[in-house]
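Next come the chains, spelled out residue by residue.
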Protein chains: 2
Amino acid sequence: MELDERKRKILQAIIKTYLETGEPVGSRTISKMEGLNLSSATIRNEMADLEEMGYILQPHTSAGRIPSDAGYRLYVDQMMAEKALEREEHALTVKDEEHEKLLAKVDRLETLLQQVAKVLAYNTNYATMVTGPDYKNTNVKFVQLSQVDDEQLLAVIVVGSNVIKNKMIDVEERIPNEELLKLNVLLNTFLTGVSVKEIDLELVQTMKQQAGVYADILEHIFDGIIDAVRSATETEVYTSGATNILKYPELGDINRAGELLEVLEEKKALNHLIADENEDGTTNQYGIQVYIGDETPVETLNDCSIVTATYELEEGVRGKIGIIGPKRMDYDKVVTTLRNLTDELDTIFKNKKT
Amino acid sequence: MELDERKRKILQAIIKTYLETGEPVGSRTISKMEGLNLSSATIRNEMADLEEMGYILQPHTSAGRIPSDAGYRLYVDQMMAEKALEREEHALTVKDEEHEKLLAKVDRLETLLQQVAKVLAYNTNYATMVTGPDYKNTNVKFVQLSQVDDEQLLAVIVVGSNVIKNKMIDVEERIPNEELLKLNVLLNTFLTGVSVKEIDLELVQTMKQQAGVYADILEHIFDGIIDAVRSATETEVYTSGATNILKYPELGDINRAGELLEVLEEKKALNHLIADENEDGTTNQYGIQVYIGDETPVETLNDCSIVTATYELEEGVRGKIGIIGPKRMDYDKVVTTLRNLTDELDTIFKNKKT
DNA sequence: TATTAGCACTCATAGATGTTGAGTGCTAAC
DNA sequence: GTTAGCACTCAACATCTATGAGTGCTAATA
């Protein structure tokens, strides 16, 4: 059977009204809509076809139809294609409010990202998550060891443009000033400008050798520093608006909802969402991906849809922004919002860099 | 009417069984329990009295009784009194598992506290929160300004024994090395050893004056540093196990539950819990306080009970650990658990200090 | 006087039954 | 190919009826 123009239109209409109402839509509803003037009976026939083709399904015999995952997929793909076309027109739209709120506390990246998650949740009424950027591709910019007191050294490492990591290191005795100076020089010569992922055992070994006679004593200083740099790699996840999912009755059965909320609280699982980059063709110019139902990488979220976008903090240093909602999600609005948001973040980060 | 021994026992029995079952308990249930051999009729009479006195209440005419807030209060007070007596016997109990898990990643205080919240939630099946310590009484230990690149200074401030704050400060041009050195000396002479709450405008003014001719240029450097120190004061709140509250049907109606979860997500409200220290007599030697129903300082939580304990990171630097659950909470277990936990934290922190 | 047995009464809960209305599929007419 | 018409299905809602746990009260008992 072929998906002709009329079928397509009907499918579109079904999905659109279902997105709005959340309830199965019947043939009469569609036939009353303007555009295509057909009786409910005709619609019914077409619907039967569409069901056979797998785009819609019936919750029970005498109910209207709801979109299947495949139906959503078709809808979204179509929408994305349209969006890609109208891309040029996409001018500055609703920026201001978010913009200001966001800019208010830009000084700490963590705060900013948390804020992004919050605003986004507030604007969309879905659950949101933002992952910290992946620092594997960043360079170390600055390293410094300081003696805080007789038994503690403080290592400060600045990674990328604005990320600071600290590590307290216990030592047995105060290290002479000139030695500390030497150490700092050593650290900076070896680490500054090196990208985080390049710091491997080999490099560490080389550095230890360079430390010469002090190698033994200072071994765990190196370890501490490496440790701190590494810890920058564990991407953090900020979530917000988790309780929004309770607003959607189809997810609201108390047990399922509980599981969902747990996944959101236990943020680790969400990292899966980020792992697979560009695995299929759905990525578009804004790095926006849509996962519908079973397509979601996290099993618990199989009744949900997830839309993710990519932001870029600086060249090669990226993170993801994700929106988690019911399959009956306002994909259009979500995609638009994400697109605007990443645009804004881009400008913010660009300005920062200068 | 007087609350004689028998009434007290009956009340106790009612509350205990209600805590277990969560369902209104009837006269027959009590009369069948061993201990006091009375017929259900007698129990009924006593129950009527207890209800008149306000310790229990009936959800509806033909149902059993459930404890009122006042009933819980009596029960908890009694339990706390007993606990205070048996205090000496309170030896090392169930430590190991928690202990190990906790110690695993002690190196960062934030991680530790988050972990504490998590373990506690896991062990008790309630929602938990842990507030970061209140640094107002801590001393600044170490301050350092470093030039990261031509336009950025990095201020590192170590507060208390282990808390590090960073602040990036934009400058217009590189500051000569010797000036930076002077500045560092200045900062350390004025700030080291000073408690955070003593850093006020006056002190800042004095410092600015001391900076002499550079005062103008360096003004916002001071501001930045002060800012960073101040930010240490905003107590952070870590929560965990929020979804646990969905397990208790009495809180589980989807809307109420949503509100509760929101409060937990929007952690700010929880700060109220900490504000009032020792306001009434219920504080005991472990700083454990129990808020029942309407006693909770946060209105949304009026159907819940909250138990808080205090931990001490170091002399005068304290934070709170809180458990949020249904009024039908296993107070005994919760109090015991909190007591053990604060004990453990004490030893951990004590060891840290050395 | 305190306790208890007995009884009528209440009421949430759960099941059975009926009604409604939205929606379908199919057939026959256009 | 489209549509009107009709019989059919079924979730949702309301109504009714046990059922049983639990009560309060009264009168008998120790």
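Quick summary incoming for the structure in this document.

Section: the packing of helix α1 (residues 5-21) of chain A against helix α3 (residues 40-53) of chain A
Residue and element names in this part refer to chain A.
Step number 1: With their axes 10 Å apart at the nearest point, α1 and α3 run at an angle of 90 degrees to one another. Judged by the angle between their axes, α1 and α3 are roughly perpendicular. Every residue of α3 that contacts α1 at Arg-6, Lys-7, Ile-10, Leu-11 and Ile-14 is listed here: Thr-42, Ile-43, Glu-46, Met-47, Asp-49, Leu-50 and Met-53.
Step number 2: Per-class residue counts for the contact of α1 with α3 are 7 nonpolar, 1 polar and 4 charged.

A word on the relation of the copies chain A and chain B
Step number 1: Rotating chain A by 180 degrees about the axis while translating it 0.0 Å along that axis superimposes it on chain B, leaving an RMSD of 0.1 Å. Put plainly, the chains are arranged around a two-fold axis. Considering only C-alpha atoms, the residue of chain A closest to the rotation axis is Ile254(A), which sits at 3.5 Å.
Step number 2: Counting the interface residues of chain A, we find that 100% of their copies in chain B are interface residues as well, pointing to one common contact surface.

Comments concerning the packing of aromatic side chains
Residue and element names in this part refer to chain A.
Step number 1: As enumerated under the stated definition, the model contains 6 aromatic pairs over all chains in all.
Step number 2: A centroid spacing of 5.5 Å and a plane angle of 25 degrees characterise the contact between Tyr-126 and Tyr-248, whose relative ring orientation is stacked. Of the two residues, Tyr-126 sits in the loop between α6 (109-124) and β3 (127-131) while Tyr-248 sits in the loop between β7 (237-240) and α10 (254-265), which places them 122 residues apart along the sequence. An identical accessibility class is assigned to Tyr-126 and Tyr-248; each is buried.

As for the sheet that holds strand β10 (residues 317-326) of chain A
Paired through their backbone hydrogen bonds, the strands of a sheet run either parallel or antiparallel.
Residues and elements named next belong to chain A.
Step number 1: The strand order β7-β3-β10-β9-β8 describes an open sheet built from 5 strands, whose pairing is antiparallel. One side of each edge strand has no neighbouring strand; the edge strands of this open sheet are β7 and β8 (289-292). Averaged over neighbouring strand pairs, the angle between their axes works out to 20 degrees when direction is ignored.
Step number 2: With 10 bridges joining them, strand β9 (residues 304-314) and β10 adopt antiparallel strand pairing. When the sheet's bridge partners are listed, Thr-308 is paired in β10 with Gly-322.

Section: the protein's contact with DNA strand C
Step number 1: If you check the shell around DNA strand C, you find 20 residues, and the closest are Ser27(A), Arg6(B), Thr42(B), Thr61(B) and Ser62(B).
Step number 2: Here, DNA strand C places atoms within 4 Å of the protein, and 78% of those atoms are sugar or phosphate.
Step number 3: A distance of 3.0 Å is found between a phosphate oxygen of DNA strand C and a backbone nitrogen or oxygen belonging to Ser39(B).
Step number 4: Taking Thr42(B), its side chain carries an N or O atom lying 2.7 Å from a phosphate oxygen of DNA strand C.
Step number 5: Elements with a minimum of two residues in the surface near DNA strand C: α3 of chain A together with α3 (40-53) of chain B.
Step number 6: In terms of residue count, the dominant contributor to the surface near DNA strand C is α3(B) (4 residues).
Step number 7: Looking at the surface near DNA strand C residue by residue, the class counts come to 4 nonpolar, 12 polar and 4 charged.

Here is what the cut-offs are and how they apply
Residues numbered from 1 in each chain as written. Chains lettered and ligands numbered in written order. Predicted model: local features only at pLDDT ≥ 70, side-chain atom pairs only at ≥ 80, totals over all residues. Heavy atoms only, no water. Axes fitted to C-alpha atoms, helices over the stretch in contact; angles between N-to-C directions. Helix = DSSP H or I, 4+ residues; strand = E, 2+ residues; numbered from the N terminus. Parallel < 35°, antiparallel > 145°, perpendicular 65-115°, else oblique. Contact = heavy atoms within 4.5 Å. Nonpolar A, V, L, I, M, F, W, Y, C, P; charged D, E, K, R; others polar. Least-squares fit on C-alpha atoms with pLDDT ≥ 70 in both. Phe/Tyr/Trp six-rings, centres within 6.5 Å; stacked < 30°, edge-to-face > 60°. Buried < 20%, exposed > 50% of the residue type's maximum accessible area, 1.4 Å probe, protein only. Pairing = 2+ DSSP bridges. Near = heavy atom within 4 Å. Polar contact = N/O pair within 3.5 Å; in protein donor to acceptor, adjacent residues only side chain to side chain.

Function-wise, these values are silent; they only describe arrangement.
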